[in-house]
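What follows is the residue order along each chain.
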Amino acid sequence: MPTFEIGATDFLLDGRPHQVISGALHYFRVHPELWADRIRKARLMGLNTIETYVAWNFHAPERGRFDLDGPRDLGRFLDLAAAEGLHAIVRPGPYICAEWDNGGLPAWLLADPEVGVRRHEPRYLAAIEEYYDQLLPLVAERQVTRGGSVIAVQVENEYGAYGDDAEYLRALIKLTRERGVDVPLLSCDQADDAMQQRGSVPELHRTATFGSRSTERLALLRRHQPTGPLMCMEFWNGWFDSWGLHHHVAPAEANAQDLDDLLAAGASVNLYMFHGGTNTGFTNGANDKGTYLPITTSYDYDAPLAEDGTPTAKYFAMREVIARHAPVPDEVPAPRAAAPELTVDLDRRLALADALPALGEPVDADHLPTTDELGHWTGFTLYRTTVTAEDRVLTLAEVRDRAVVALDGEPVGVLSRTEHSRTLPLPARAGELTLLVEDQGRVNYGPRIGEPKGLISPARTAARELTDWSVTPLRLDGVEPALAALLEAAPAADAATPVAGPAFLRGTFDTVAGADHFLRTDGWGKGLVWVNGVLLGRYWSAGPTATLYVPGPLLRAAGNEVVVLELHGAAAARVAFAAGPDLGSSEV
């Protein structure tokens, strides 16, 4: 029977010393028809293992529902890794961070304020047990001990940066073992003495996360893990981007040298990321260390394999380093081919106000509700109330995360959590006040995990508190049939005419079937884009990203549809596809 064990100094694969050379590749950030391509390119770089998180909320958008089909088919992903001759490390959380919405924790679970987040609390553990019941059997049956690819499973994630509840960690270990997982269980924490001390227990094999000064960080890890193999579970070879900031780039030469130092020391490694992929739909997370900063749609991460699967200079620099320490195939991946370039007129327009019957049903409330109270866990929500001429000003306790404010359909302004703005002057007249509120991504790291979204009460004016509300959660994950019908029926409009938002715009185009495309977003303000009914994600003129990646499997030769929801405005109703990506400037 095959085995993978922790020895006195090394990992042992079938009893022989084994250096794990792994790369992070999140199946939930890659189109499933492209999984095999990305896994193969990992092998060609010299990796012997693929690591993936499991995003609990990706599989369980509602309590009582657990989806393992299509883009959520983790079993198929692991089987593809095995077919390529690679091992796998699975990190199911339950908390993963990963710059993913809510750090992977379901919003429906944390909407109950009595649930104890990331600690030994009965309701929290009961939900995790339900999650593990669905997930871990498919992981267990794919362990190396049963002829599969999985060599290790991680328990929790960087827990020392959040808490120190050893009883909680031991409960997770028990739940994991009871569901058939017999491969080594790992913890990972930053290369920090306090975090390493708090974040693990003796039953877990400690690993560290860092991106530089490998020799120094491995020595720190050795102080906390006196025996057994040393491993950097996240070798940070790049970084994520936040809207409104610059594009992060880590020099390939420095990454390669630090990787060489790490492998030369005999340590194992997991590159974070080998291939980043895309935060499609509303899946991006956010960070809040005093200022709320949502993560961009692109999760390119300046990784060795770019967002569209293209090998970069970093790919070849790291491949050269790995070749000094382990066998590397002779074959190399092909470079990026130029993507089709074309311009598409969006000749159908529909104001958001006219689309509301197709997007959701209003709920009346005698107080200002959060979106969590309404069971609406992501995306956009429309709040409506009436104001008088005496109200004069609107002040909210907090906006989570951005609100486009209008009076009788005329723009008043924007309230933004990032800009710490929560007050707007109002015109001195009566009318219907609307706030189109965007959840820009739930916080994925730190104490604000699990906080509710929407408008936070009280909402006050110069004269009173506003308590009479009508709230409509908007269904925008896909292009609903009712919305598609309204767009089809909308009268044709001249694409050269300026766009006034919030509005939907639609156009069709022919192109090269199966080819990757890059949709340019410059010239547009802020909003969403769907291609053939699939929500690619968010765009924003705040940058740094200026294109949206369109995976080739979404496209056919004729009759492709692009739909844009523009919140503010654009000079013309046209979109263009570029020959390659534009991730923005790396300069501050």
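Our subject is the structure that appears above.
Report follows, based on the coordinates. Source: prediction; values computed, not measured. (Residues numbered from 1 in each chain as written. Predicted model: local features only at pLDDT ≥ 70, side-chain atom pairs only at ≥ 80, totals over all residues. Heavy atoms only, no water.)

### Some details on the overall build of the protein chain
- In terms of regular secondary structure, the protein chain is built from 12 helices and 33 strands.
- Its C-alpha atoms give the protein chain a radius of gyration of 25 Å, near enough to 25 Å, the size a compact globule of 588 residues would have.
- Its C-alpha atoms give the protein chain principal-axis dimensions of about 75 × 55 × 40 Å.
- With 588 residues in all, the protein chain has 59% of them scored as buried.
- Put simply, of all contacts in the protein chain between residues at least 6 apart along the chain, 79% involve residues at least 24 apart.
- Only carbon and sulfur atoms are counted for the fraction: they give 52% of the accessible area of the protein chain, which is about 21,300 Å².
- Side-chain charges of the protein chain comprise 52 positive and 80 negative groups, with the mean position of each set lying 2 Å from the other. (Helix = DSSP H or I, 4+ residues; strand = E, 2+ residues; numbered from the N terminus. Rg over C-alpha atoms; globule rule 2.2 N^0.38 Å. Buried < 20%, exposed > 50% of the residue type's maximum accessible area, 1.4 Å probe, protein only. Contact = heavy atoms within 4.5 Å. Areas by Shrake-Rupley, 256 points an atom, 1.4 Å probe, with all protein chains shown as cover. Lys, Arg positive; Asp, Glu negative; His and termini not counted. Charge placed at Lys NZ, Arg CZ, Asp CG, Glu CD.)

### Thoughts on the pairing of strand 24 (residues 469–473)
- Burial analysis of strand 24 places 5 of its 5 residues in the buried class, the great majority of the element.
- Both faces of strand 24 are covered, namely the face carrying Trp469, Val471 and Pro473 and the face carrying Ser470 and Thr472.
- In this sheet, strand 24 lies alongside strand 16 (residues 363–365) in antiparallel orientation, the contact comprising 3 bridges. Bridged to valine 363 within strand 24 is valine 471.
- As paired strands, strand 17 (residues 379–387) and strand 24 are joined by 4 bridges and run antiparallel to one another. Across the sheet, arginine 384 pairs through a bridge with serine 470, a residue of strand 24. (Pairing = 2+ DSSP bridges.)

### Here we look at the pattern of salt bridges
- Applying the stated rule across the entire model yields 45 salt bridges.
- The salt bridge partner of glutamate 141 is arginine 142, with a shortest N-O separation of 2.9 Å.
- In this structure glutamate 141 comes out as partly exposed when scored by relative accessible area, which is 47%.
- A salt bridge links arginine 506 to glutamate 488; the shortest N-O distance between them is 3.0 Å. On the criterion of sequence distance, the pair formed by arginine 506 in strand 26 (residues 503–509) and glutamate 488 in helix 12 (residues 481–489) is long-range, its members being 18 residues apart.
- For arginine 506, a relative accessible area of 12% corresponds to the buried category.
- The class of glutamate 488 is partly exposed, set by a relative accessible area of 46%.
- When salt bridges that share partners are traced, they join Asp288, Glu398, Arg400, Asp401, Arg417, Asp439, Arg448, Glu451 and Lys453 into one network. (Salt bridge = Lys/Arg side-chain N within 4 Å of Asp/Glu carboxyl O.)

### Let's talk about the sheet that holds strand 14 (residues 342–345)
- Pairing in this open sheet of 4 strands is antiparallel, and the strands run 14-33-27-30 from one edge to the other. What marks the edges here is a single partner per strand, and that holds for strand 14 and strand 30 (547–550). Going across the sheet, the axis of each strand differs from the next one's by a mean of 30 degrees, ignoring polarity.
- Looking at chain direction, strand 14 and strand 33 (residues 574–578) are connected through 4 bridges and run antiparallel. From the neighbouring strand, leucine 342 faces strand 33, where its bridge partner is phenylalanine 577. (Axes fitted to C-alpha atoms, helices over the stretch in contact; angles between N-to-C directions.)

### Brief notes about unusual backbone geometry
- Cis geometry marks the peptide bond from glycine 93 to proline 94, where omega comes out at 20 degrees.
- Examined against the element boundaries, proline 94 turns out to sit in the loop between strand 6 (87–91) and helix 4 (107–110).
- Along the chain, glycine 543 connects to proline 544 via a cis peptide bond; the corresponding omega equals 10 degrees.
- Mapped onto the fold, proline 544 is located in the loop between strand 29 (534–540) and strand 30.
- Of note in this structure, alanine 98 is not a glycine but carries a positive phi near 60 degrees.
- Look at alanine 98 and you get buried, because its relative accessible area is 2%.
- In this model, histidine 420 sits at a positive phi of 55 degrees, which is unusual for a non-glycine residue.
- Inspection of the secondary structure assignment puts histidine 420 in the loop between strand 20 (410–416) and strand 21 (423–425).
- Looking at histidine 420, the relative accessible area reads 54%, which means it is exposed.

### Observations regarding the environment of alanine 191
- Mapped onto the fold, alanine 191 is located in the loop between strand 8 (185–190) and helix 7 (193–198).
- For the pair alanine 191 and glutamate 216, spaced 25 residues apart in sequence, the C-alpha separation works out to 9.2 Å.
- Beyond its immediate stretch of four places on either side in the chain, alanine 191 contacts Thr209, Phe210, Arg217 and Leu220.

### So, the packing of aromatic side chains
- Inspection of the entire model under this criterion finds 28 aromatic pairs.
- Note on tyrosine 27 and phenylalanine 28: the rings are 5.1 Å apart at their centroids and 80 degrees apart in plane angle, and the pair reads as edge-to-face.
- Among the residues examined, tyrosine 27 registers a relative accessible area of 0% and is labelled buried.
- Phenylalanine 28 sits in the buried class, given a relative accessible area of 4%.
- Plain terms: the ring middles of tyrosine 383 and tryptophan 469 are 6.0 Å apart, the flat faces sit at 85 degrees to each other, and that makes the pair edge-to-face. Highlighted residues: tyrosine 383 in strand 17 and tryptophan 469 in strand 24, separated in sequence by 86 residues.
- The exposure class assigned to tryptophan 469 is buried, which follows from its relative accessible area of 2%.
- These aromatic residues form a ring-pair network of at least three members: Tyr53, Trp236, Trp239, Phe240, Tyr272, Tyr299 and Tyr301.
- The cationic tip of arginine 72 hangs over the ring face of phenylalanine 58; the distance from NZ or CZ to the ring centre is 4.1 Å.
- Here arginine 118 stacks its cationic end above the ring of tyrosine 162, 4.5 Å away from the centre of that ring. (Phe/Tyr/Trp six-rings, centres within 6.5 Å; stacked < 30°, edge-to-face > 60°. Lys NZ or Arg CZ within 6 Å of the ring centre and 35° of its normal.)

Read these as layout, nothing more, since geometry by itself doesn't imply function.
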